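# Residue-level structure breakdown
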Amino acid sequence: MMTNPQQRITQGQFSFLPPLTDAQITAQIEFALRQGWAVSVEYTDDPHPRNTYWEMYGNPMFDLKDPAGILMEINACRRTFPQHYIRVMAFDSSRGWETPRMSYLVNRPDKEPGFRTVRMETEGRSIRYTTERLRSGD
Amino acid sequence: MTKPVDSGVITDAKQRYAAGVLKYKQMGYWQPDYVPKDTDVIALFRITPQEGVDADEAAAAVAGESSTATWTVVWTDRLTDCELYRAKAYRVDQVPNTGAGTSTPAQYFAWIAYDLDLFEEGSIANLTASIIGNVFGFKAVKALRLEDMRIPVAYLKTFQGPATGIVVERERLDKFGRPLLGATTKPKLGLSGRNYGRVVYEALKGGLDFVKDDENINSQPFMGWRDRFLYCVEAVNKAAAATGEVKGHYLNVTSGTMEDMYERAEFARSLGSCIIMIDLVIGYTAIQSMAKWARKNDMILHLHRAGNSTYSRQKNHGMNFRVICKWMRMAGVDHIHAGTVVGKLEGDPLMIKGFYDTLRETHTDMSLEHGLFFDQDWASLRRVMPVASGGIHAGQMHQLIHYLGEDVVLQFGGGTIGHPQGIQAGATANRVALEAMIMARNEGRDYLNEGPQILQEAARWCSPLKAAIDTWGDISFNYESTDTADFVPTATASA
């Protein structure tokens, strides 16, 4: 069980807010499209903070400019992976950025087991830390 | 020795280099027809000349004393390509609202161009030894302020620039599309390492991204640096596991010698910290050394601008903070405190926009209302993340995002640790306010005007935010700024 006040993983732009409605997700997609960014959907069952590469639910949608169409992709991903973490990202290709500019969660599993800190004592008082994923049942 | 003291430049070489004293203008440091080269470094000074010294001569004197001149003519100039090495004052404008009819003695903006060969590559120390070296104590001027510099691309390319930069920092932290949130541990002095780490853990677990050592936390009798590092890293890792997010604490490695700083930085790295911190008072060379170390060790480098107000705050003498911003981007820091607009420390909104643009943009256009006197191409030097810290709280979130944008670290020290329901609640209040405001902004709402309402809506389901607004909602720091623009948007450069 997550022990933080939110009792959930707080990655992304909006994890401290109530779960986003489809209308709210659409408004954020529209924002990304107005900036000229490509929206992408990614999912994982391993939300470790250093797990950079979630699985892509298809390539970033460079050529899809219709927010409703993008929302359909997001919802198709949610139907396929209802117990996964799913995030929406927006990629900026402009010079000097060329990096994600948005990232927010749109789906979580019903139970979020979270992580524990594993400590390996080394020289002196130093400790080597590992953040280890917990699974439901741990 | 008689010389035509009041006439212009002396062109006859024999006469020019005869022993004796000449006016700086006559020695060639005033060249109103000079067209700066793309490779010239250009400095813009605000000069208050001594009584009886005309503005052109004062500008020429500044050019002379910051480049090749000494008080008297020396024949050894003739062994060199001295025309090239001489800095050239090429333009002087009276500063608006100074001089006759005002309460301020006449001031002048002077544009001075320096050839690239006057400067050693990759050395802020060398650049500054000329530009702000002897000249600020020079008797011919009553006061002198360095307002801005144009650094040519050719010179910028000799600097590493930010060790990490905004893009890579965000990728490492996995945090996009919103300001980062931080807090400085309080009280700043007196906590033991164990007690100190408690504050770090609570704030990170509650929702902050970073906690920060204060500028004067180094290694004092109440808390040695090794203890602080060990307990803070414990707090960071425990909070990362509790939230599933990357967290960090700026471990201040400032100390008395470079050897000590390297030792502390190495220890921070060995513990797995993602960020270290230094103070501006360690000096330009030490900053550049730490920036190189940070680049080599995948470390984010935070700079606290401790000391800057001793020379940047008064308008007639010293140097403008925007110049420090430029030098620090060249020197290679990743974070720098650059003002809040709405907090407790000095900061006019237009001036602060100029600082932020200087740190974050790949190119800035001349914009006198923001205090930017030159077009500046940053030659792909990475972007520096500005940090807003000092007397800010969640109730100002709409103003902070409006003025400072999303690529900034917002640091709420008192606003987190002083929260009536505790540190975690304080952190949560800040994060909820931030996310609600970013969401509203992206949705296209008029968040600046609707800000208080947006916060109230979120406070309905977030009691920590409600408590924060009830406690600090009306707190503001409305003092007049001392460092303001000389130009209003409608004025032109020569107005």
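In this report, we go over the structure that sits alongside the text. (Residues numbered from 1 in each chain as written. Chains lettered and ligands numbered in written order. Predicted model: local features only at pLDDT ≥ 70, side-chain atom pairs only at ≥ 80, totals over all residues. Heavy atoms only, no water.)

## Side note on the overall build of chain B
Each helix and strand counted, chain B has 19 helices and 15 strands in total. Dimensions along the principal axes, computed over C-alpha positions, put chain B at roughly 85 × 50 × 40 Å. Per-residue burial for chain B yields a buried fraction of 60% across its 495 residues. Put simply, of all contacts in chain B between residues at least 6 apart along the chain, 74% involve residues at least 24 apart. In the structure as shown, chain B presents an accessible area of about 18500 Å², 50% of it carried by carbon and sulfur atoms. In chain B, the 51 positive side-chain charges and the 58 negative ones have mean positions that sit 4 Å from each other. (Helix = DSSP H or I, 4+ residues; strand = E, 2+ residues; numbered from the N terminus. Buried < 20%, exposed > 50% of the residue type's maximum accessible area, 1.4 Å probe, protein only. Contact = heavy atoms within 4.5 Å. Areas by Shrake-Rupley, 256 points an atom, 1.4 Å probe, with all protein chains shown as cover. Lys, Arg positive; Asp, Glu negative; His and termini not counted. Charge placed at Lys NZ, Arg CZ, Asp CG, Glu CD.)

## What to know about the pairing of strand β6 (residues 127–133) of chain A
Residues and elements named next belong to chain A. Strand direction decides the pairing type here: strand β5 (residues 115–121) and β6, joined by seven bridges, are antiparallel. Each residue of the ladder has a partner; that of Arg-116, found in β6, is Glu-132. Between β5 and β6, which pair antiparallel and follow one another directly, the connecting turn spans five residues, one of which, Gly-124, has a positive phi of 55 degrees. (Pairing = 2+ DSSP bridges.)

## What about the interface of chain B and chain A?
Contacts between the two partners involve 43 residues from chain B, matched on the other side by 45 residues from chain A. For the pair chain B and chain A, the summed buried surface comes to about 3600 Å²; carbon and sulfur atoms form 51% of the total. Counting the surface chain B buries against chain A, the share from its top three residues, Phe-176, Met-439 and Asn-442 of chain B, is 18%. At the junction of chain B with chain A, the criterion picks out one salt bridge. The partner of Arg-119 of chain A in a salt bridge is Glu-234 of chain B, with the nearest N and O atoms 2.6 Å apart. Remark: the boundary between chain B and chain A carries 19 residue pairs in polar contact (both at pLDDT 80 or more). At the level of secondary structure, the elements contributing two or more residues to the side of chain B that touches chain A comprise α7 (165–173), α8 (193–206), α9 (225–243), α10 (258–271) and α17 (423–442) of chain B. Residue contributions to the side of chain B that touches chain A peak at 10 residues, all from α17 of chain B. Considered class by class, the residues forming the side of chain B that touches chain A number 16 nonpolar, 13 polar and 14 charged. (Buried area = accessible area lost by both parts, 1.4 Å probe. Salt bridge = Lys/Arg side-chain N within 4 Å of Asp/Glu carboxyl O. Polar contact = N/O pair within 3.5 Å; in protein donor to acceptor, adjacent residues only side chain to side chain. Nonpolar A, V, L, I, M, F, W, Y, C, P; charged D, E, K, R; others polar.)

## Concerning the side chain of Arg-145 of chain B
Residue and element names in this part refer to chain B. Within the fold, Arg-145 resides in strand β4 (residues 141–150). Polar side-chain contacts of Arg-145 include one of 2.8 Å to the backbone oxygen of Ser-312. At 3.1 Å, the side chain of Arg-145 and the backbone oxygen of Gln-314 are in polar contact.

## Observations regarding the nonpolar core
Within soluble globular proteins, side chains that are nonpolar tend to cluster in buried spots. All names here are of chain B. Counting residues in each nonpolar core, the largest one holds 165 residues, and the members touching the most others are Phe-45, Trp-327, Met-328 and Met-330. Setting aside chain neighbours within four positions, we find Trp-327 in contact with Ile-124, Leu-127, Thr-128, Ile-132, Leu-146, Met-149, Tyr-284 and Met-319. By size, the runner-up hydrophobic cluster in this structure holds 14 residues, among which are Val-167, Leu-180, Ile-300 and Val-387. (Core = buried A, V, L, I, M, F, W, Y, C linked by side-chain atoms within 4.5 Å.)

Just distances and angles here, no functional claims.
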